[in-house]
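A look at the structure
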Amino acid sequence: MIILGIDPGLGTMGYGVIEKRRDDSCVALDYGCVYTTQDETLPVRLAQLEDGVNKLLAKYKPDEISVEELFFSKNITTGIAVAHARGVILLTCIKYTSKLYEYTPNQVKQAVTGYGRADKVQMMHVVTTMLHLDKIPRPDDAADALAIALCHAFTSRFGRLFNIQ
């Protein structure tokens, strides 16, 4: 099963593509970021995100997609921008498949490290180890997206609990 994990963001959207094998092991197929042009208008940046997600869907043809839920930060302006981006990402993905799942940051940490309050460094080391990568995935958004994909791989047997539809 091919899983696309997405860490939503307006300027930088992280993605991680993994394959969950029949023996339940996981291997990274690709990871990286979709970037939008900072000096463009919001509608143009949202269109850039849509284009980026569509390219990932066409290239990897994921069986299932997992997206991190929005959490509110202290900066409400940033939260609103990420909410716009997340909306476009969800819309683009649901047009591709109904197998769309979302997880909170704490759920991702719990599933990947066994500790819901793990810090970023712990998360990156566990992701690197679990996927047998030579180095820690960079940037952080890509590492987070791989963790989101791993979270889904580990919890997908509970599918209906996290399915958006």
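So, here's what we can say about the structure. Worth saying up front: this structure is predicted, and the values here are computed from it rather than measured.

Its boundaries defined by the atoms lining it, the largest pocket holds a volume of some 480 Å³. What lines the largest pocket is a set of 21 residues, and nearest its centre among them are D7, E68, F71, P105 and D144. Every element with two or more residues in the lining of the largest pocket is listed here: helix 2 (76-96), helix 3 (105-113), helix 4 (120-130) and helix 5 (140-155). A per-element tally of the lining of the largest pocket places helix 5 first, with 4 residues.

Counting 22 residues, the largest nonpolar core has L4, I6, M13, Y15, L49, I65 and C93 as the members making the most contacts within it. Elements with a minimum of two residues in this core: strand 1 (2-7), strand 2 (12-20), helix 1 (42-60), strand 4 (64-68) and helix 2. In terms of residue count, helix 1 provides more of this core than any other element does, 6 residues in total. Not counting chain neighbours up to four residues away, the residues in contact with Y15 comprise L4, G5, D30, Y31, G32, C33, V34, L56, A142 and A145.

Turning our attention to the sheet that holds strand 4. Within the open sheet, the 5 strands sit side by side as 3-2-1-4-5. Their pairing is mixed. In this open sheet, the two strands that pair with only one neighbour each are strand 3 (26-35) and strand 5 (100-103). Across the sheet, the mean angle separating the axes of adjacent strands is 20° when strand polarity is ignored. By the bridge criterion, 4 bridges tie strand 4 to strand 5 in an arrangement that is parallel. Considered in strand 5, the bridge of I65 is made with L100.

What counts as what
Residues numbered from 1 in each chain as written. Predicted model: local features only at pLDDT ≥ 70, side-chain atom pairs only at ≥ 80, totals over all residues. Heavy atoms only, no water. 1 Å grid on protein atoms, 1.4 Å probe; cavity = no way out; pocket = protein on both sides within 12 Å on 5 of 7 lines; lining within 4 Å. Points joined across faces, edges and corners; volume = space filled by probe spheres on them. Helix = DSSP H or I, 4+ residues; strand = E, 2+ residues; numbered from the N terminus. Core = buried A, V, L, I, M, F, W, Y, C linked by side-chain atoms within 4.5 Å. Buried < 20%, exposed > 50% of the residue type's maximum accessible area, 1.4 Å probe, protein only. Contact = heavy atoms within 4.5 Å. Pairing = 2+ DSSP bridges. Axes fitted to C-alpha atoms, helices over the stretch in contact; angles between N-to-C directions.

Bear in mind that shape data such as this cannot, by itself, settle questions of function.
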